[in-house]
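Structural features, examined
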Amino acid sequence: MTNTTPGRPPLAHSTGLQPRVLYFAVFIFFSLSGGRFTATFLEHELNFSQNWMISTAMAVQILASSSCSSWLGGLADSVEERGSSNGRLQIMALGLLLSTVATLLHMLGRLWMQPSSLETDDAYFIEDDMQNQQYVPMPLFAYHLFLRALFAIGTTACSPVLDGLTLARLEDDARDSAEYGKERLYGAVSWGIANVFFGPAIDKWGFGIIYITTTCSFVLCIITFYVYAKSNQMLYASIDEVDLEHIPDAQSFLPRANEHKTATSSSPDDEGSQQQQMQPKLEVWGSLTKKNGLLNLSYVFAMFALYVGMSVVENLIFLYFEMLGGSYSMCGLTVAVTVMFEFPLFHYAPEVLRRLKSPVWMLQAACVAYVIRVLVYSLIPQDHPYWTLVVEPLHGVTIGFALTASVAFAAEWVPKGYEASGQGFLSMVRGLGQFVGLCIGGFLEGRILYRVLAVIVSVGSIMLAVGNHITTNDSMLYRRGRK
């Protein structure tokens, strides 16, 4: 892509790999390490057949992710600021390594599942079917929960950090932050492609194949990270060789990865800026309420409510499809259908955001799409699982609009240099919503579960509409008073 920003060196925008290649590789890992099949993996591979056990395991993942997301985002920003041009990539690589090791260690749990383990009082009873009954010892249950927490921490070290890396790269390239969706859509593409093949593979070889696919996708990610880092090192080197004297304000166009090279010659203003960046990170969260506080808080609440609902769809929906009589191939097909619609939605999301002029309305559209989708789920008759394909495109609207809106929302209040921290905060809010949703999923199931979730998301949408209405009226009254 050729840079069109006046006065900007073309090298900074026409060469070097874009973050989209990272999204493509990372989402292959997310898919092939379990992804939407995680609940069924827990049910059939680890013998977590009771609904509350699956929900507990998924909730532990979410809780671990929410607890660490903000800290890991700040850690990645700090490593980057200290002079490591690939600091965020290093954190991402370490996170995926932790997730891979945690997945492989589940295999050791099978050693517990010996005939002797059936004769224990310290166990949870699980009935897989009428002919097959097994006991899962309490230490084994706790062991698997611990591994799911480690897995979640590893993936959390990747998701918000990758979003922060993308926002920083867009800023370096003088591109609108709304173009985040165009980079993120490549993750949707790889997610869909991987699931199309993953479902039939599970049907044929069983859930044990996850151990192989997780390892292979991890290796693919490490290779991609290395190629991306090398590509951008060559970019920065090329920029350094440009005759900066012939480019107006050329120094301002240098990528932040090279800012440490000029740190020793910083001006007093630069030192003041650095001191400001060293303020406690609570300032990042405090900025949420400094301007349009009511609207911002209602937005966060609506996003929380939406992810309460989305957590069940993302984590437990394949169990519902199983109840309706669907195969794993059909489950993978539902993901592919979703991605077919995510692709254009992510691509045109920046234009939609510009037309709506606010991430508020984009999030409202995501909420409406979710409510319609889950209500239809609750009405699908037994033994007709393929009817779900009719409403699967609405998931593309929900995820595409919600993610693009949250990135644009964060860009309005997160200080420069704390992109990953801001995304970590929003990831924490999303994670808490997912945790609550999975807790609800542990007590409710079947059709009633999705109807309750539709009500919760609707309440969040109404709260956002009220906050937006009050803020808009207050702004109009203030402008009239000024006149």
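Anything mentioned here points back to the structure above.
Now for a description of the structure that goes with this document. Only a predicted model underlies this, so the values are computations on that prediction, with no experimental measurement involved.

Let's talk about helix α13 (residues 328-356)
- At A349, α13 shows its largest kink, close to 50 degrees, and the proline P350 lies no more than four residues downstream.
- Looking at the residues trailing α13, positive phi occurs at K357, about 65 degrees.

Digging into the nonpolar core
- F225, L306, F321, L363, Y377 and Y450 are the most contacted members of the largest nonpolar core, which has 117 residues in total.
- When residues of this core are assigned to their parent elements, the largest contribution, 18 residues, is made by helix α12 (residues 293-324).
- When residues no more than four places from it in sequence are discounted, the contact partners of L363 are Y299, A302, M303, L306, A402, A405 and L464.

Considerations on the pattern of salt bridges
- A full pass over the atoms with the stated rule returns four salt bridges.
- In this structure, R20 and E183 form a salt bridge, with 2.8 Å as the shortest nitrogen-oxygen distance. Here the residue R20 occupies a position in helix α2 (residues 20-32), and E183 occupies one in helix α8 (residues 180-205), the gap between them amounting to 163 residues.
- A salt bridge links R373 to E392, with the shortest nitrogen-to-oxygen separation between them at 3.1 Å. Taken together, the residues span a long stretch of sequence, with R373 in helix α14 (residues 359-377) and E392 in the loop between α14 and α15 (393-413) at a distance of 19 residues.
- Here R373 falls in the buried class, since its relative accessible area comes to 1%.
- Through salt bridges that share partners, E351, R354 and R355 make up one connected network.

Thoughts on the side chain of S55
- Locating S55 in the fold gives a position in helix α4 (residues 51-81).
- Excluding residues that lie within four positions of it along the chain, S55 makes contacts with L316, L438, G441 and G442.

Overview of the packing of aromatic side chains
- In the structure shown here, the tally under the stated rule is 15 aromatic pairs.
- Where F27 meets F30, the ring centres are 5.3 Å apart and the plane angle is 70 degrees; that geometry is what we call edge-to-face. With F27 and F30 both in helix α2 and three residues apart, the pair spans about one turn of that helix.
- Centroid distance F321 to Y377: 5.8 Å. Interplanar angle 80 degrees. Geometry classified as edge-to-face. Here Y377 lies in helix α14 and F321 lies in helix α12, a separation of 56 residues in the sequence.
- Residue classification places F321 among the buried residues on the basis of a relative accessible area of 0%.
- When its relative accessible area of 0% is taken as the criterion, Y377 is described as buried.
- Each residue in the set F37, F198, F207, F318, Y320, F321, Y328, Y377 and Y450 is aromatic and connected to the rest through ring pairs, giving one cluster.
- Of note, R148 hangs over the ring of F151, and the distance from its end group to the ring centre comes to 4.6 Å.
- Across the ring face of Y307, the terminal group of R430 is positioned such that the distance to the ring centre comes to 5.8 Å.

Rules used throughout
- Residues numbered from 1 in each chain as written.
- Predicted model: local features only at pLDDT ≥ 70, side-chain atom pairs only at ≥ 80, totals over all residues.
- Heavy atoms only, no water.
- Bend = angle between axes of the 7 residues up to and from the residue.
- Helix = DSSP H or I, 4+ residues; strand = E, 2+ residues; numbered from the N terminus.
- Core = buried A, V, L, I, M, F, W, Y, C linked by side-chain atoms within 4.5 Å.
- Buried < 20%, exposed > 50% of the residue type's maximum accessible area, 1.4 Å probe, protein only.
- Contact = heavy atoms within 4.5 Å.
- Salt bridge = Lys/Arg side-chain N within 4 Å of Asp/Glu carboxyl O.
- Phe/Tyr/Trp six-rings, centres within 6.5 Å; stacked < 30°, edge-to-face > 60°.
- Lys NZ or Arg CZ within 6 Å of the ring centre and 35° of its normal.

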